[in-house]
Amino acid sequence: NAGVTQTPKFQVLKTGQSMTLQCAQDMNHNSMYWYRQDPGMGLRLIYYSASEGTTDKGEVPNGYNVSRLNKREFSLRLESAAPSQTSVYFCASSESQGSGNQPQHFGDGTRLSIL
Amino acid sequence: AQRVTQPEKLLSVFKGAPVELKCNYSYSGSPELFWYVQYSRQRLQLLLRHISRESIKGFTADLNKGETSFHLKKPFAQEEDSAMYYCALLKSGAGKSTFGDGTTLTVKP
């Protein structure tokens, strides 16, 4: 039981390049989330998916797209990377709303640098 | 709109001293609050939640609705408590959480 798995762990991109961050969870959670973590700014929600087949914008969605491929996987795509997107990205998952307010389980993070 | 404020970005105490990490929130409904911890080179993980009313690793947190606070306390800090701590508010029924900016706790020997 690996919990939440993110790939890659590190990535360096040039401005304008695209890439997809992968996230998978094996806890049968309905809800999944993508956050970015920047110094002094805590965790900010980029996008989330309350259930398979649905996605919604979070606090800072501009420049990103997401795909909830199936119940296990929730990917984050940067179509044209910008230096402002240099950050540590965390994926998380949680039980569905119907089972009460459950805490989130986080992946190890992806450290992304955009030059 | 819901908001979580952690007024201290950095907090430093000596081993054995009491520690209190502050968290204030604003939310019109009935909140559910959590403390998450991120140790060096590890993933963010749940420390405790207010509805559990439990003590984890010697830490406790009490929800004070009158003061809209959920401060995290430990009577005797240990060096292994050094980490980043996040307070988070979960809006009832919404599924997503609002996180504070985090407090980096350093416990000095």
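Quick caveat: nothing in here was measured; it's all calculated off a predicted structure.

## Topic: the overall build of chain B
A count of helices and strands for chain B gives zero helices and 11 strands. Mapped in sequence order, the helices and strands of chain B form the string β-β-β-β-β-β-β-β-β-β-β. Against the compact-globule benchmark of 13 Å for 109 residues, chain B has a radius of gyration of 13 Å, which places it among compact chains. In terms of its C-alpha atoms, chain B occupies a principal-axis envelope of roughly 40 × 30 × 25 Å.

## Thoughts on the pattern of salt bridges
Taken as a whole and judged by the stated rule, the model has nine salt bridges over all chains. Asp81 of chain B serves as the salt-bridge partner of Lys74 of chain B, at 2.8 Å between the closest nitrogen and oxygen. Considered together, Lys74 of chain B and Asp81 of chain B belong to a single accessibility category, that of buried residues. Through salt bridges with shared partners, a single ionic network connects Lys9 and Asp108 of chain A together with Arg43 of chain B.

## Details of the sheet that holds strand β3 (residues 19-21) of chain B
All names here are of chain B. A sheet is described by the order of its strands in space; here three strands give the open sequence β3-β8-β7, paired in antiparallel fashion. Only two strands of the sheet have a single neighbouring strand rather than two, namely β3 and β7 (60-61). Judged from the two bridges that link them, β7 and strand β8 (residues 72-74) form a sheet pairing that is antiparallel. In the sheet register, Ala61 faces β8, and the bridge partner there is Leu72.

So, how was this worked out
Residues numbered from 1 in each chain as written. Chains lettered and ligands numbered in written order. Predicted model: local features only at pLDDT ≥ 70, side-chain atom pairs only at ≥ 80, totals over all residues. Heavy atoms only, no water. Helix = DSSP H or I, 4+ residues; strand = E, 2+ residues; numbered from the N terminus. Rg over C-alpha atoms; globule rule 2.2 N^0.38 Å. Salt bridge = Lys/Arg side-chain N within 4 Å of Asp/Glu carboxyl O. Buried < 20%, exposed > 50% of the residue type's maximum accessible area, 1.4 Å probe, protein only. Pairing = 2+ DSSP bridges.

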